[in-house]
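# Secondary and tertiary structure notes
Residue strings, one per chain:
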Amino acid sequence: MNVTTGKQVSKELKKPATTIPALQDGASDMAHIVLDFDSNRLASALFGQFDENLAYIEQKLGVDVRSKGNQLILRGEATATAQARMALDHLYSLLQKGHDLSKSDVDGALRMAATATPVRDDQLSLPTLETKTRLSAAQISTRKKTIFARTPTQDAYMRAMERSELVFGTGPAGTGKTYLAVAHAAMLLERGLVERIVLSRPAVEAGERLGFLPGDMKEKVDPYLRPLYDALYDMIPADKVERALAAGVIEIAPLAFMRGRTLAHAAVILDEAQNTTSMQMKMFLTRLGEGSRMIVTGDPSQIDLPAGQKSGLVEALEILGDVENIVTVRFSDKDVVRHPMVAAIVRAYEKRGAAKTLKHHKVSVTEGENTPSET
């Protein structure tokens, strides 16, 4: 292996859990880190088939990663090399817990490490670091599945749901707002922290006329609520979901059926909240009862309400911004965890929307300047 020229800071790690000493002032920007893993089987899973995970880390961070048996040698710019070490350390800890790695896990670990700043003492630095330079991603666990935060915003969102009774999660599609909310509710129910789950959506057609829908009330509203069902079945075994639905322990209903109720000792989720009216949003928020947790999710850029009608979500964010114990977590295109193309699509639409807004503003200013003044 070629030795990088120039002054370097050399660090050796016997196990992934060992922390990296803080870089000394005046040291070169280059670093050399050696990682030794105590399990050949887990190391092989960490590296990926044909070292594909290591190649992905090299591509994303611009570092050189060489494997030799169960040992890794990292070389490159100091910050990028430290991020690679933190990501690999975190991924190895997931494997030790029995979690199977996917490319999304690798990508998530890199996103988390990119925002982490090494600290020089033993204080806890949340949300992305444990003591020193070890990543601590928030997680949601049920008997069926464990989910780890894949972006810093997801981390903040998951921690907010743990701490606060009312959380707003807003942002583009594909960021995990609804999925994580339902997963958190399932965890609370399984642990006995709530007695039931109530999932709701406004039944608004997304720009198309569906016409008459046959069947009973459940069959009529199911098409609007399918994403909530999908998340539920992912976190809870199907037979338990069916029994809970039949017993009313899990209730999925359109927003209109919330009026007049007090939802106590429940995990309550309102999805697609951008399509609520002002009165509907106020009605829903005031359903919060004793011992309950409420999570409201939506994307203000995808409002399907009639033209000229203000979104209840947009208004609520304006009104409740300074209210104590209400937390708002805003996702962006950087938090999209679906196909990478989704993030590019979101950015393209946001760029087009910003350009149209600027053009409209310029036209308004010009028209104002050309309006004759009264004498």
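Note that the coordinates shown come from a computational prediction; the quantities given were computed from them, not determined experimentally.

### Topic: the pattern of salt bridges
In the structure shown here, the tally under the stated rule is twelve salt bridges. Taking the shortest distance from any N to any O, the salt bridge between Arg150 and Asp105 comes out at 3.7 Å. Of this pair, Arg150 sits in the loop between strand 6 (146-148) and helix 5 (152-163) while Asp105 sits in helix 4 (residues 103-115), and the two are 45 residues apart along the sequence.

### Notes on the pairing of strand 11 (residues 293-298)
For strand 11, the buried fraction is high: five of the six residues fall into the buried class. Relative to strand 11, strand 7 (residues 166-170) is paired through five bridges, and the arrangement is parallel. Bridged to Phe168 within strand 11 is Val296. Across four bridges, the pairing between strand 10 (residues 266-270) and strand 11 is parallel. Residue pairing across strands places Val268 opposite Met294, the latter belonging to strand 11. Assessed by its sense of winding, the connection that carries the chain from strand 10 through helix 9 (residues 278-285) to strand 11 is right-handed.

### As for the sheet that holds strand 9 (residues 250-254)
Strand order across the open sheet formed by six strands is 9-8-10-11-7-12, with parallel pairing between neighbours. The two strands at the open ends of the sheet, each matched to only one other strand, are strand 9 and strand 12 (326-330). With strand direction ignored, the average angle separating the axes of adjacent strands in the sheet is 15°. Across the sheet, helix 6 (residues 177-190) lies against strand 7, strand 8 (196-201), strand 9, strand 10 and strand 11, angled at about 165° from strand 11, the strand it touches most. Along the sheet face, helix 9 touches strand 7, strand 10 and strand 11 and points at about 155° away from the line of strand 11.

### Quick look at the packing of aromatic side chains
In total, this model carries three aromatic pairs according to the counting rule given. Note on Phe37 and Tyr92: the rings are 4.9 Å apart at their centroids and 45° apart in plane angle, and the pair reads as tilted. Placement of the pair is Phe37 in the loop between strand 2 (30-36) and helix 1 (40-47) and Tyr92 in helix 3 (residues 78-96), with a sequence separation of 55 residues. Look at Phe37 and you get buried, because its relative accessible area is 2%. Accessibility expressed as a relative area gives 1% for Tyr92, which makes it buried. With 5.2 Å between their ring centres and 85° between their planes, Tyr157 and Phe331 make a pair best called edge-to-face. On the criterion of sequence distance, the pair formed by Tyr157 in helix 5 and Phe331 in the loop between strand 12 and helix 11 (340-370) is long-range, its members being 174 residues apart. Residue Tyr157 is classed as buried on the basis of its relative accessible area, which comes to 0%. Overall, the relative accessible area of 6% leaves Phe331 in the buried class. A network of ring pairs unites the aromatic residues Phe37, Phe47 and Tyr92 as a single cluster.

### Some points on the nonpolar core
With 39 residues, the main nonpolar core has Ile140, Tyr157, Met161, Leu199 and Ile250 as its most contacted residues. Listing elements by their share of this core, those giving two or more residues are helix 5, helix 6, strand 8, helix 7 (217-235), helix 8 (238-247), strand 9 and strand 10. Ranked by residue count, the leading element in this core is helix 6, at nine residues. With near-sequence residues (within four places) excluded, Leu199 lies in contact with Val182, Leu228, Leu232, Glu251, Ile252, Ala253 and Ile269.

### Remarks on the pairing of strand 3 (residues 64-68)
Successive residues of a regular strand alternate their side chains across the two faces of the sheet. Relative to strand 4 (residues 71-77), strand 3 runs antiparallel, the two sharing five bridges. In the sheet register, Asp64 faces strand 4, and the bridge partner there is Arg75. Count of turn residues in the strand 3/strand 4 antiparallel hairpin: two residues, of which Gly69 carries a positive phi of about 65°.

### Concerning the packing of helix 2 (residues 52-61) against helix 4
Viewed as axis vectors pointing N to C, helix 2 and helix 4 meet at an angle of 35°, and their least axial separation amounts to 11 Å. Of the two elements, helix 2 crosses helix 4, and the hand of that crossing is right-handed. Between helix 2, through Asn53, Tyr56, Ile57, Lys60 and Leu61, and helix 4, the contact on the second element is made entirely by Lys103, Val106, Asp107 and Leu110. Class assignment of the residues belonging to the contact of helix 2 with helix 4 gives a composition of five nonpolar, one polar and three charged.

### Overview of the side chain of Thr81
Locating Thr81 in the fold gives a position in helix 3. Of the residues examined, Thr81 reaches a relative accessible area of 0% and is grouped as buried. For Thr81, the side chain forms a polar contact with the main-chain oxygen of Gly76, separated by 3.3 Å. Ignoring anything within four residues of it in the chain, the contact list for Thr81 reads Ala31, Ile33, Val63, Leu74, Arg75 and Gly76.

### With respect to the side chain of Asp271
Mapped onto the secondary structure, Asp271 falls in the loop between strand 10 and helix 9. In this structure the side chain of Asp271 is engaged in a polar contact, spanning 2.7 Å, whose partner is the side chain of Arg201. The contacts of Asp271, once residues within four sequence positions are left out, are Thr178, Ser200, Arg201, Pro202, Leu228 and Thr297.

Definitions and cut-offs
Residues numbered from 1 in each chain as written. Predicted model: local features only at pLDDT ≥ 70, side-chain atom pairs only at ≥ 80, totals over all residues. Heavy atoms only, no water. Salt bridge = Lys/Arg side-chain N within 4 Å of Asp/Glu carboxyl O. Helix = DSSP H or I, 4+ residues; strand = E, 2+ residues; numbered from the N terminus. Buried < 20%, exposed > 50% of the residue type's maximum accessible area, 1.4 Å probe, protein only. Pairing = 2+ DSSP bridges. Right-handed = clockwise from strand over helix to strand, strands pointing away. Axes fitted to C-alpha atoms, helices over the stretch in contact; angles between N-to-C directions. Contact = heavy atoms within 4.5 Å. Phe/Tyr/Trp six-rings, centres within 6.5 Å; stacked < 30°, edge-to-face > 60°. Core = buried A, V, L, I, M, F, W, Y, C linked by side-chain atoms within 4.5 Å. Left-handed = near helix turned anticlockwise from the far one by under 90°. Nonpolar A, V, L, I, M, F, W, Y, C, P; charged D, E, K, R; others polar. Polar contact = N/O pair within 3.5 Å; in protein donor to acceptor, adjacent residues only side chain to side chain.

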